[in-house]
Protein chains: 2
Amino acid sequence: MPDKKDRFKMLLKEKGLKVTTQRVDILEALEMRPDKHLTAEEIYEIVKEKNPDIGLATVYRTIQLLAELNLIDKLNLGDGYVRYEIGNMDEEKKAHHHHHLICLSCGNVLTFQGDLLDNLENQIQKSMGFEVVDHEVKMYGYCKDCAAERKKE
Amino acid sequence: MPDKKDRFKMLLKEKGLKVTTQRVDILEALEMRPDKHLTAEEIYEIVKEKNPDIGLATVYRTIQLLAELNLIDKLNLGDGYVRYEIGNMDEEKKAHHHHHLICLSCGNVLTFQGDLLDNLENQIQKSMGFEVVDHEVKMYGYCKDCAAERKKE
DNA sequence: ATTCATGCAAACGGTTTGCAAGCTT
DNA sequence: AAGCTTGCAAACCGTTTGCATGAAT
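Residues numbered from 1 in each chain as written. Chains lettered and ligands numbered in written order. Predicted model: local features only at pLDDT ≥ 70, side-chain atom pairs only at ≥ 80, totals over all residues. Heavy atoms only, no water.

- Chain A goes by Fur family transcriptional regulator, ferric uptake regulator in an unreviewed UniProt entry, where it is assigned to Anaerocolumna xylanovorans DSM 12503.
- Under Sequence similarities (unreviewed entry), UniProt gives the following word-for-word description of chain A: "Belongs to the Fur family." (UniProt positions renumbered as here; feature names shortened; annotations may be inferred.)

Details of the pattern of salt bridges
All names here are of chain A.
Next up, step 1: Evaluated as defined, the whole model comprises 14 salt bridges over all chains.
Next up, step 2: For D25, the salt bridge is made with K50, and the minimal N-O distance between the two is 2.8 Å. Of this pair, D25 sits in helix 2 (residues 21-31) while K50 sits in helix 3 (residues 40-50); the two residues are 25 residues apart in sequence, bridging distant segments of the chain.
Next up, step 3: Residue classification places D25 among the buried residues on the basis of a relative accessible area of 9%. (Salt bridge = Lys/Arg side-chain N within 4 Å of Asp/Glu carboxyl O. Helix = DSSP H or I, 4+ residues; strand = E, 2+ residues; numbered from the N terminus. Buried < 20%, exposed > 50% of the residue type's maximum accessible area, 1.4 Å probe, protein only.)

Let's talk about the protein's contact with DNA strand C
Next up, step 1: Near DNA strand C, the surroundings consist of 21 residues, among which K18(A), R23(A), T58(A), R61(A) and Y60(B) are the closest.
Next up, step 2: In DNA strand C, atoms within 4 Å of the protein come from the sugar-phosphate backbone in 75% of cases.
Next up, step 3: Within the side chain of T58(A), an N or O atom sits 2.4 Å from a phosphate oxygen of DNA strand C.
Next up, step 4: At a separation of 3.3 Å, a base oxygen of DNA strand C approaches a polar side-chain atom of R61(B).
Next up, step 5: Listing elements by their share of the surface near DNA strand C, those giving two or more residues are helix 2 and helix 4 (56-68) of chain A together with helix 4 (56-68) of chain B.
Next up, step 6: Looking at the surface near DNA strand C element by element, the count peaks at four residues for helix 4 of chain B. (Near = heavy atom within 4 Å. Polar contact = N/O pair within 3.5 Å; in protein donor to acceptor, adjacent residues only side chain to side chain.)

Topic: the protein's contact with DNA strand D
Next up, step 1: Near DNA strand D, the surroundings consist of 22 residues, among which Y60(A), Q22(B), R23(B), T58(B) and R61(B) are the closest.
Next up, step 2: The contact in question runs from a phosphate oxygen of DNA strand D to an N or O atom on the backbone of V19(A), over 3.4 Å.
Next up, step 3: T58(B) is positioned with one of its side-chain polar atoms (N or O) 2.3 Å from a phosphate oxygen of DNA strand D.
Next up, step 4: Of all the elements in the fold, those that place two or more residues in the surface near DNA strand D are helix 4 of chain A together with helix 2 (21-31) and helix 4 of chain B.
Next up, step 5: Looking at which element gives the most residues to the surface near DNA strand D, the answer is helix 4 of chain A, with four residues.

What follows is the structure, given as structure tokens:
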């Protein structure tokens with residue numbers, strides 16, 4: 001499997017952009033936490049531990065770059081923060097079938113894979129003429145622990 | 001079917017809140033455009049036609065109120081605006097199965113109903129112990145017209 | 001040496017809030 | 001009359017941007 005860090009460096013060079021320690025540090029911070037859903041500020045705090053001089057603006061700029069290169073995914077939970085995550089799968093294609101479970105009690109975000117929407121997509125295409133190219137599913141509810149907690153009360 | 005406007009007035013009184021022309025005007029603006037997805041600014045512009053003295057802050061405050069009362073739904077397309085829509089169905093329950101098709105070309109938002117996720121919910125409950133109470137599906141693609149337009153090129 | 005990237009601070013823009021004046025009840 | 005609501009403007013806050021300095025090629 002091709003290392004994401006190497007892929008990033010390669011893509012940067014291809015585009016005439018520079019491989020800076022900040023950019024690499026930010027990717028590493030995300031890579032250390034696969035399937036976490038970090039805000040820019042959180043990423044900033046993580047990177048600062050290793051590189052205290054980094055600026056928040058650099059984090060924002062790098063995040064944007066990583067998203068354009070499809071190395072990370074955006075997630076908007078509607079709480080005023082955009083979150084970012086790095087997939088832990090090789091193929092980019094799979095990101096298409098990667099969805100979220102959001103716990104209403106503890107706020108944790110879990111991930112699940114599923115192709116079960118393909119039917120639905122076909123149906124929409126036929127009935128409405130809408131050509132689906134991507135989809136996003138969020139499920140709100142209670143995670144295992146919080147569901148148990150709630151039952152006790 | 002109970003009029004949404006009456007329901008709003010009733011709910012306001014129940015809560016010791018006041019029935020003001022501004023609040024009613026805002027609900028009417030939304031009611032005139034069922035299944036549209038309006039930003040606060042857009043609602044503001046609509047209401048201003050009838051009541052030019054209304055303030056944007058009032059629109060924001062009323063929208064918040066309407067959302068808390070479950071009379072309208074929020075929709076976040078990730079473009080920096082929160083959008084609001086009023087359902088055209090009677091039962092609140094149905095809002096649960098009401099999803100969005102977002103055209104990547106013209107930006108229009110279509111609505112579709114579907115219960116096809118019930119399977120998926122059950123499956124998640126069993127495999128992960130996550131208790132789903134609500135879900136949200138967004139499909140990105142090309143609407144009928146834009147898909148046709150794209151084929152021509 | 002050239003060109004891109006960084007850090008800082010200021011700007012941005014949608015949304016929220018404090019407050020005095022104005023309606024609802 | 002009492003209390004909630006309004007409109008205004010200022011504050012908020014996550015994010016973006018301009019600019020001079022610094023690093024990568």
